[in-house]
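Structural overview
Listed below are the residues making up each chain.
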Amino acid sequence: MPGFPEDLKYTAEHEWVRTGNAGVVRVGITSYAAEQLGDIVYISLPEVGEAVAVGDAVGELESTKSVSDVFAPLPGVVSAVNSQLDEAPETVGNDPYGDGWLFELELDADADLDTLLDADGYAAETGA
């Protein structure tokens, strides 16, 4: 299994976080999670404007194997969702760190990126 991108932060629940500008982050699932799920056939994402807390279930990924929750990695307000996934949910598995992103969060002032794992920490967590 390839390594995990060094420029991202990770959760133990297999989400990744890419920092942006002005306190906005992009969220997706890791290649490890995508591989475990198999072929993703349906995606439910949070609503733009929805306030979320760390650990909130904010969506679901349905695959040919199972249904898995997507969790908020940080507190904030959903500022965008990847609407392309409505028509092409398989993009999450094919390009989890690129076009397969799930949603963006405008972070709360008290959001702390340092609570998340770095690539090495996530690799150790998954045994990858």
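See the structure shown above.
Quick notes on the rules
Along each chain, numbering runs from 1 in the same order as the chain's sequence is written. Two thresholds apply to this predicted model, a pLDDT of at least 70 for residue-level local features and 80 or more for giving and counting side-chain atom pairs, whereas whole-chain, interface and lining totals are computed over all residues. To obtain the side-chain values, all non-hydrogen atoms of the structure were included, while hydrogens and water were left out. Every helix listed is a DSSP run of H or I at least four residues long, and every strand listed is a run of E at least two residues long, numbered separately from the N terminus. The globule rule is 2.2 Å times the number of residues to the power 0.38, and the radius of gyration it is compared with is taken over C-alpha atoms. Only protein chains enter the calculation, and the probe is 1.4 Å; a residue is then buried if its accessible area is under 20% of its type maximum, exposed if over 50%, and partly exposed in between. Each accessible area value is a Shrake-Rupley result obtained with a 1.4 Å probe; residue values ignore everything except the protein chains displayed when judging cover. Here Asp and Glu are counted as negative and Lys and Arg as positive; His is not counted, and neither are the chain ends. Every charge is mapped to an atom, namely NZ of Lys, CZ of Arg, CG of Asp or CD of Glu. For this analysis, a ring pair means two rings from Phe, Tyr or Trp (six-membered ring only for Trp) whose centres lie within 6.5 Å, classed as stacked if their planes differ by under 30 degrees, edge-to-face if by over 60, and tilted for the remaining angles. Put simply, a charge is over a ring when the Lys NZ or the Arg CZ is close to the ring centre, within 6 Å, and near the line of the ring normal, within 35 degrees. We treat two strands as partners when DSSP finds at least two bridges between them. Helix axes are fitted to C-alpha atoms over the stretch in contact, other axes to C-alpha atoms as well, and angles between N-to-C directions run from 0 to 180 degrees. Of all possible arcs, the one meant is that of the directions from the helix axis to the C-beta atoms. Any pair of residues with heavy atoms lying within 4.5 Å of one another is described as a contacting pair. Definition of a polar contact: a pair of N or O atoms within 3.5 Å, with one able to donate and the other able to accept a hydrogen when the atoms are protein atoms, and with sequence-neighbouring residues admitted only if both atoms are side-chain atoms.

1. A closer look at the overall build of the chain
Tallying secondary structure elements over the chain gives 4 helices and 9 strands in all. For the chain, the N- to C-terminal ordering of α and β elements is β-β-β-α-β-β-β-β-β-α-α-β-α. Scaling as 2.2 N^0.38, a compact globule of 128 residues should have a C-alpha radius of gyration of about 14 Å, and the chain matches this with 13 Å. A principal-axis box enclosing the C-alpha atoms of the chain has dimensions of 40 × 30 × 20 Å. A total of 128 residues make up the chain; the buried ones form 41% of that total. By element, 44% of the accessible surface of the chain is carried by carbon and sulfur atoms, the whole surface being about 6400 Å². Here the chain holds 4 positive side-chain charges and 26 negative ones, and the gap between their average locations is 6 Å.

2. A word on the packing of aromatic side chains
As enumerated under the stated definition, the model contains 4 aromatic pairs in all. Each ring, one from Phe4 and one from Tyr122, has its centre 4.8 Å from the other, and the planes form 75°; the classification is edge-to-face. Here Phe4, found in the segment before β1 (9–10), pairs with Tyr122, found in helix α4 (residues 119–126); they are 118 residues apart in sequence, far enough to count as distant. When its relative accessible area of 8% is taken as the criterion, Phe4 is described as buried. Clustering of aromatic rings is evident, with ring pairs tying together Phe4, Tyr10 and Tyr122. Stacked on the ring of Trp16, the Lys or Arg Arg18 has its end atom at 4.9 Å from the ring centre. Above the plane of the ring of Trp101 lies Arg26, whose end atom (NZ or CZ) is 3.9 Å from the centre.

3. Focus: the sheet that holds strand β6 (residues 57–63)
Spatial strand order, β4-β6-β7: 3 strands in an open sheet with antiparallel pairing. Here the strands that pair on one side only, and so sit at the sheet edges, are β4 (40–44) and β7 (67–71). Direction aside, neighbouring strands of the sheet carry axes that sit 25° apart on average. Where β4 lies against β6, 4 bridges are found, and the strand directions are antiparallel. Opposite Tyr42, over in β6, you have Glu62 as the bridge partner.

4. Some remarks on α4
Taken residue by residue, α4 has Ala119, Tyr122, Ala123 and Thr126 as its buried positions. One side of α4 carries all its buried residues, which in axial view fall inside an arc of 100°. What points out from α4, more than 90 degrees from its buried face, is the exposed set Asp120 and Ala124. Summarising the contacts, the buried residues of α4 are in contact with β1 and α1 (31–37). A distance of 3.3 Å separates the backbone nitrogen of Asp120 from a side-chain oxygen at the start of α4, and that oxygen is part of Asp118.

5. Regarding the sheet that holds strand β8 (residues 76–81)
Spatial ordering of the open sheet is given by β1-β2-β3-β9-β8-β5, a layout of 6 strands whose pairing is antiparallel. Edge strands, defined here as strands with exactly one partner in the open sheet, are β1 and β5 (51–52). Alignment of β1 against strand β2 (residues 15–19), held across 2 bridges, turns out to be antiparallel. Each bridged residue has a counterpart across the sheet, and for Lys9 the counterpart in β2 is Val17.

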